[in-house]
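# What the coordinates show
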Amino acid sequence: MAGLLTTEQVAEALDESLTRWHRQGNEIVRAVEAPTFADGIRLVDRVAEAAEAANHHPDIDIRWTTVTFRLSTHSAGGITDGDLAMARQIDALVQ
């Protein structure tokens, strides 16, 4: 099982390298506004491929052109290094 990060470790990552993410309880969350609904779906497809390769899957909510990603390691009960790594991958795919 992956080790939980401290509140300070999560805050540091959000302040330094994951500035478009915020903490919401035991998750980190980012909403992305896609130009069109189809672009949002293509983004979800790219994230799904990366998530499968990493075996670390975000919760994804699609609302027209807004795609929201939520990351938490459910088996650990909170945020781990795996969540931060997946968030960085998502950020790279959004660019």
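Our structure's up above, just so we're on the same page.
All of the points below concern the structure found in this document.

Below, the discussion takes up the overall build of the protein. Of regular secondary structure, the protein possesses 3 helices and 4 strands. When the helices and strands of the protein are read in sequence order from the N terminus, they spell out α-β-β-α-β-β-α. Counting across all 95 residues of the protein, residues that qualify as buried make up 39%. Within the protein, counting contacts between residues at least 6 apart in sequence, those at least 24 apart form 65% of the total. Accessible surface for the protein amounts to roughly 5500 Å². Of this, 50% is attributable to carbon and sulfur atoms.

Taking 1.5 Å per residue, 18 residues should reach 26 Å; helix 2 (residues 37-54) reaches 26 Å between its end C-alpha atoms and fits that length. Within helix 2 the residues assigned to the buried category are Gly40, Leu43, Val44, Val47, Ala50 and Ala51. Looking straight down helix 2, one finds that the buried residues subtend no more than 125° of arc, so they occupy a single side. Helix 2 presents Glu49, Glu52 and Ala53 as exposed residues on the side facing more than 90 degrees away from its buried surface.

Right, let's talk about the environment of Gly25 for a bit. Relative to the helices and strands, Gly25 is located in the loop between strand 1 (22-24) and strand 2 (27-33). Between the C-alpha atoms of Gly25 and His56, which are 31 residues apart in sequence, the distance is 19 Å.

Once that is clear, we can look at the sheet that holds strand 2. With antiparallel pairing, 4 strands are arranged side by side in an open sheet as 1-2-4-3. Each edge of the sheet is formed by a strand with only one pairing partner; in this case those strands are strand 1 and strand 3 (59-63). The average undirected angle you get between the axes of adjacent strands in this sheet is 30°. Here helix 3 (residues 81-94) sits on the sheet and contacts strand 2 and strand 4 (66-71); the angle it forms with strand 2, its principal contact strand, is near 5°.

How each quantity is defined
- Residues numbered from 1 in each chain as written.
- Predicted model: local features only at pLDDT ≥ 70, side-chain atom pairs only at ≥ 80, totals over all residues.
- Heavy atoms only, no water.
- Helix = DSSP H or I, 4+ residues; strand = E, 2+ residues; numbered from the N terminus.
- Buried < 20%, exposed > 50% of the residue type's maximum accessible area, 1.4 Å probe, protein only.
- Contact = heavy atoms within 4.5 Å.
- Areas by Shrake-Rupley, 256 points an atom, 1.4 Å probe, with all protein chains shown as cover.
- Expected span 1.5 Å × (residues − 1).
- Arc of directions from axis to C-beta.
- Pairing = 2+ DSSP bridges.
- Axes fitted to C-alpha atoms, helices over the stretch in contact; angles between N-to-C directions.

On their own, these measurements won't tell you what the molecule is for.
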